[in-house]
Number of protein chains: 4
Amino acid sequence: MPTNRLEAFSDGVLAIIITIMVLELKVPAGHDLSDLVHTTGVGLLTYLLTFIYVGIYWNNHHHMFHLVRQVSGGLLWANLALLFCLSLFPLTTAWVDDSRFEPIPVVVYGLNLLSAAIAYWVLQTVIIRQQGPKSLLREAVGADIKGKVSPALYLTGILSALLIDRSGPIGVGLAEACYVAVAIMWVVPDRRIDRVVREHKPAG
Amino acid sequence: MPTNRLEAFSDGVLAIIITIMVLELKVPAGHDLSDLVHTTGVGLLTYLLTFIYVGIYWNNHHHMFHLVRQVSGGLLWANLALLFCLSLFPLTTAWVDDSRFEPIPVVVYGLNLLSAAIAYWVLQTVIIRQQGPKSLLREAVGADIKGKVSPALYLTGILSALLIDRSGPIGVGLAEACYVAVAIMWVVPDRRIDRVVREHKPAG
Amino acid sequence: MPTNRLEAFSDGVLAIIITIMVLELKVPAGHDLSDLVHTTGVGLLTYLLTFIYVGIYWNNHHHMFHLVRQVSGGLLWANLALLFCLSLFPLTTAWVDDSRFEPIPVVVYGLNLLSAAIAYWVLQTVIIRQQGPKSLLREAVGADIKGKVSPALYLTGILSALLIDRSGPIGVGLAEACYVAVAIMWVVPDRRIDRVVREHKPAG
Amino acid sequence: MPTNRLEAFSDGVLAIIITIMVLELKVPAGHDLSDLVHTTGVGLLTYLLTFIYVGIYWNNHHHMFHLVRQVSGGLLWANLALLFCLSLFPLTTAWVDDSRFEPIPVVVYGLNLLSAAIAYWVLQTVIIRQQGPKSLLREAVGADIKGKVSPALYLTGILSALLIDRSGPIGVGLAEACYVAVAIMWVVPDRRIDRVVREHKPAG
């Protein structure tokens, strides 16, 4: 089975996830700049962070599937599991925003990020197993340092929000800093795959 | 007429159906874990079940159309009938969730699942007729045991919710067990089609 | 310019239009069959009619673009004008449903159907002009009897709802009958284009 | 990396943006023409303007990517930045409409249009840099007069709404006139790219 329909379906789901969050941004009740800042000021930043996360997943998905030729049943379900985790982003983002950065919503947002990272790692592992010992993706991923640092950072963030200064802004601020740090780390697309793609030139 | 636009359109509709259900999940009113469990605890499980159902239909649709080369008018409408049934999933899912598993919503959810199964069977039959006596899809489907067991299980579920213990949890629990059983049965994609595709190697 | 991206974009818009109407269907407040019928009984039928209309436009769009090879600026905007008219379907459908078939919403629904028919005719004319005197589409369309009968039926429906029995059900019933009649007339895809496609075998 | 998935993803996002605005249009509360005009009369015009803007961006995006063969990491993010700006259109459009053309919402709508224009310019510049000294896109864009006049018109509109007659209709009217003028200027797709595409005949 070729990968084109799986990619098209994933693109569709990711396009919808990245766009429907706008429906969560409420139209300001008043007509002044202060109303805009009050209603969507914080929300816009949270929306931007989630937008960047979905963009990162789309970029990495896009890159990874350049090294995939065959779709198996396991791969289809690993991909759907990733899409399921990502489809909860608008909900957890809206909860963080609605609660104005209360600890528990920030923790749940972190757990959602963590679940998506695990689902991505499972998908990557399924593909590597399917490709066998000469897996191009294994070669491209290498030691996968980013893939190991990210869950550690998410966990740090989650624990910070849970344990440090629960009635003040320090724990939550640390958590958000961890989440933003992972995003920054991944904004640069995976050059390792670019290199392997160039060297092995698979048909696009 | 080639099948690529029909597949793209179906992918689009399925991607939207699978994603818009998130809009039905309400943001918890409070900021604690108990609020999350209270607001979306049950909903999340129902959402997950419907997500898996749409994933199953997408997988099977994807597999089936590997054996289709030509699109006729009848096939277009049989496909739209399937999409129509699937497009009602978010509504019936939300009703089950809102009612906290009352019998009638569970019955209507089962009828919706049943209608989609029938529409899928009609689509399959239209394709087999169109392909004539040497139909690859007929060969791939074979005795179609899963396709015959599913409606029986749906009907069992519907009748359980209607007839058994209407004021208690037994009938509804049986119905949900039936629906989950069908999902588990189908999570493995249709290997019969994989085999026929491999043997006959149609162009992707 | 080839037509593939225009078709993909149109497919995306049509897939969204056909699916978001489900969001307009409200989850019944109670948990009984009577609640379902009361809340969505009428709505479901109106939803079905609009679903069929969008399906018809998708089918015809799909068929028509099999005869188009080049995309010009005028064609892009004629196509967007058609998509704009179709994107209002969920709104006018919801109004008809909310008002329980009051005359004015039924008239506005008819005007929406009429505007889409006119936009489709303009798109068809733009393509025929672009293709010049040997236009395959002109050959396929022929006398375009369906294309001439449809606006007449829409106008009959609109005038019925406006003029006949405004406080009773006869005018509105006639109007709905006209709209349903057009849908039935078009449910069969355009065999004329099938024939021309077969004869001239353009690359899909 | 080829451009097909980037185009498909962008088409998906743009298709959703252009369609979800319909969800913002409220179903009229009453059943008369005056209710329709009162509820959606103004909204429909604003919706139409934003629809045309998204259509323009889609057209230009579509044209521009005919001259792009390779996707780099920078290009992916420049494209996502453009999609982010465009994804805010439904929100700012709804605010203008809700406020019945109050100055601040009109200014924010103008800033949104301006940000999209800047993001488009950045995307164009990233592509030209990537293509190097023999860039076909640079040749096609030429002096880019439209690209320079548009931000000037947006700024004029923004300043008009801010400074002139803040309690009366003149400043806001001027601003809207500026926004409409830019749309009219861009409705004609970019013939310069058509010409370069024809001359260099890249594979579609």
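Anything mentioned here points back to the structure above.
Criteria and thresholds
Starting from 1, residues in each chain are numbered consecutively following that chain's sequence as written. Chain A is the first chain written and ligand 1 is the first ligand written, with later ones labelled in order. Confidence filtering applies because this is a predicted model: local features only for residues at pLDDT of at least 70, side-chain atom pairs given and counted only at 80 or more, and all residues used for totals across whole chains, interfaces and linings. Side-chain measures were taken over the full set of non-hydrogen atoms in the model, leaving aside hydrogen atoms and water. Helix numbers and strand numbers start at the N terminus; a helix is a DSSP run of H or I with at least 4 residues, a strand a run of E with at least 2. Our radius of gyration looks at C-alpha atoms and nothing else; its globule reference is 2.2 Å times the residue count to the power 0.38. Burial classification: accessible surface area is computed with a 1.4 Å probe over protein chains only, and a residue below 20% of its type maximum counts as buried, one above 50% as exposed, and the rest as partly exposed. Contacts are assigned to residue pairs with any non-hydrogen atoms lying within 4.5 Å of each other. Only the protein chains shown count as cover for residues, and all accessible areas are computed by the Shrake-Rupley method using a 1.4 Å probe. The sign given to each residue is positive for Lys and Arg and negative for Asp and Glu; His and the chain ends receive no count. A single reference atom marks each charge: NZ on Lys, CZ on Arg, CG on Asp, CD on Glu. Here the axes come from fitting lines to C-alpha atoms, over the contacting stretch only for helices, and the angles between their N-to-C directions go from 0 to 180 degrees. Geometric relationships in this document are graded by angle, where less than 35 degrees denotes roughly parallel, more than 145 denotes roughly antiparallel, 65 to 115 denotes roughly perpendicular, and other angles denote oblique. We call a crossing left-handed when the near helix sits turned anticlockwise from the far one by less than a right angle, and right-handed when that turn is clockwise. Residues are grouped as follows: Ala, Val, Leu, Ile, Met, Phe, Trp, Tyr, Cys and Pro are nonpolar; Asp, Glu, Lys and Arg are charged; all remaining types, including Gly, are polar. Only centres within 6.5 Å qualify two rings of Phe, Tyr or Trp (six-membered ring in Trp) as a pair; their planes then separate them into stacked at under 30 degrees, edge-to-face at over 60, and tilted for everything else. The way it works is a 1 Å grid over only the protein atoms, where trapped points that fit a 1.4 Å probe form a cavity and open points with protein on both sides within 12 Å along at least five of seven lines form a pocket, and then any residue with an atom within 4 Å of a point lines it. Grid points are joined across faces, edges and corners, and a volume is the space filled by probe spheres set on the points. Fitting of the copies onto one another was done by least squares over C-alpha atoms, counting residues only where both copies have pLDDT of at least 70. Computed with a 1.4 Å rolling probe, the buried area is the accessible surface lost when two parts are put together, summed over both parts. Put simply, a salt bridge is a Lys or Arg side-chain nitrogen that is within 4 Å of an Asp or Glu carboxyl oxygen. Nitrogen and oxygen atoms within 3.5 Å of one another constitute a polar contact, given that in protein one can donate a hydrogen and the other can accept it, and given that sequence-neighbouring residues count only through two side-chain atoms. Helix span, as expected, comes to 1.5 Å for every residue beyond the first.

Caption draft 1: Seen up close, the overall build of chain A. Each helix and strand counted, chain A has 9 helices and 0 strands in total. Since a compact globule built from 204 residues should have a radius of gyration of about 17 Å, the 18 Å found for chain A is in line with a globular shape. Scored against the burial criterion, the 204 residues of chain A give a buried share of 57%. Partitioning the contacts of chain A with sequence separation of at least 6, the portion at a separation of at least 24 is 79%. Put simply, chain A shows about 8,100 Å² of open surface, and 67% of that area lies on carbon and sulfur atoms. Seen as two clouds, the 15 positive and the 15 negative side-chain charges of chain A have centres 15 Å apart.

Caption draft 2: Fine view of the packing of helix H7 (residues 145-163) of chain C against helix H8 (residues 170-187) of chain C. All names here are of chain C. At a minimum axis separation of 7 Å, H7 and H8 run at an interaxial angle of 165°. As judged from the angle between their axes, H7 and H8 are roughly antiparallel. Between H7 and H8 lies a crossing of left-handed hand. Together, Lys146, Gly147, Val149, Ser150, Leu153, Tyr154, Thr156, Gly157, Ile158, Ser160 and Ala161 of H7 and Gly171, Val172, Leu174, Ala175, Cys178, Tyr179, Ala181, Val182, Met185 and Trp186 of H8 make up the contact between the two elements. Among the residues forming the contact of H7 with H8, the class breakdown is 14 nonpolar, 6 polar and 1 charged.

Caption draft 3: Layout of the packing of aromatic side chains. Here the structure, examined in full by the defined rule, presents 36 aromatic pairs over all chains. Aromatic pair Phe9(B) and Trp58(C): ring centres 4.4 Å apart, planes at 15°, arrangement stacked. You can see Phe9(B) sitting in helix H1 (residues 4-24) and its partner Trp58(C) sitting in helix H2 (residues 33-64), one on each of two chains. We note that Phe9(B), like Trp58(C), is buried. Ring plane angle 80° and centroid distance 6.5 Å describe the contact between Tyr53(B) and Phe89(B), whose orientation is recorded as edge-to-face. Placement of the pair is Tyr53(B) in helix H2 (residues 33-64) and Phe89(B) in helix H4 (residues 89-98), with a sequence separation of 36 residues. We note that Tyr53(B), like Phe89(B), is buried. Three or more aromatic residues link up through ring pairs in this structure, and these residues are Tyr53(A), Phe89(A), Tyr109(A), Tyr154(A) and Tyr179(A).

Caption draft 4: Quick peek at empty space enclosed by the protein. Residues and elements named next belong to chain C. The final tally for this structure, using the stated rule, is 7 cavities of 30 Å³ or more. Here the largest cavity is characterised by a volume of approximately 200 Å³. Those elements that provide at least two residues to the lining of the largest cavity are H2, helix H5 (103-131), H7 and H8. Residue composition of the lining of the largest cavity, by class: 10 nonpolar, 4 polar and 1 charged.

Caption draft 5: Inspection of the relation of the copies chain A and chain D at higher detail. For the pair chain A and chain D, the relating rotation is 90°, the translation along its axis is 0.0 Å, and the fit reaches an RMSD of 0.0 Å. Overall, the copies show the geometry of a four-fold rotation axis. Among all residues of chain A, the minimum C-alpha distance to the rotation axis is found for Gly12(A), at 4.3 Å. Comparing contact sets, just 5% of the residues at the interface of chain A also lie at the interface in chain D, consistent with a heterologous contact between different surfaces.

Caption draft 6: Expanded view of the side chain of Gln124(C). Examined against the element boundaries, Gln124(C) turns out to sit in helix H5. Judged by relative accessible area, Gln124(C) falls into the buried class, the value being 9%.

Caption draft 7: Spotlight on the relation of the copies chain A and chain B. Note on the copies: chain A fits chain B at an RMSD of 0.0 Å, the axial shift is 0.0 Å, and the rotation between them is 90°. Here only 7% of the interface residues in chain A have copies in chain B that are interface residues too; the copies meet through unlike faces.

Caption draft 8: Expanded view of unusual backbone geometry. The backbone of Phe101(B) shows a phi angle near 65°, a positive value even though the residue is not glycine. Within the secondary structure layout, Phe101(B) lies in the loop between H4 and helix H5 (103-131).

Caption draft 9: Focus on the interface of chain A and chain B. Across the boundary between the two partners, chain A contributes 30 residues, which contact 38 residues of chain B. For the pairing of chain A and chain B, the buried interface totals around 3,100 Å² over both sides, and the portion due to carbon and sulfur atoms is 78%. For the pair chain A and chain B, the number of links is 2 salt bridges. Asp11(B) is the partner of Arg5(A) in a salt bridge, and the nearest nitrogen-oxygen pair spans 2.7 Å. Counting the contacts that link chain A with chain B gives 7 residue pairs in polar contact (both at pLDDT 80 or more). Of all the elements in the fold, those that place two or more residues in the side of chain A that touches chain B are helix H1 (4-24), helix H3 (73-87), helix H4 (89-98) and helix H5 (103-131) of chain A. Counting residues per element, the side of chain A that touches chain B draws most heavily on H1(A), which supplies 11 residues. Split into classes, the residues belonging to the side of chain A that touches chain B amount to 22 nonpolar, 4 polar and 4 charged.

Caption draft 10: Main features of the interface of chain A and chain D. Between chain A and chain D, the residue contacts involve 38 residues of the former and 30 residues of the latter. Considering only the surface of chain A that becomes buried against chain D, Val27(A), His31(A) and Trp58(A) emerge as the three largest contributors, covering 21% of it. Taken together, the links from chain A to chain D amount to 2 salt bridges. Among the ionic pairs, Arg5(D) bridges to Glu7(A), the shortest N-O distance being 3.2 Å.

Caption draft 11: Highlighting the pattern of salt bridges. Enumeration according to the criterion identifies 8 salt bridges over all chains in this entry. Three or more residues joined by partner-sharing salt bridges are found here, namely Arg5(A), Glu7(B) and Asp11(B).

Caption draft 12: Local environment of H5(C). Here H5(C) is 29 residues long and its end C-alpha atoms lie 42 Å apart, about the 42 Å a rise of 1.5 Å per residue gives. One or two positions beyond H5(C), positive phi appears at Gly132(C), with a value near 80°.

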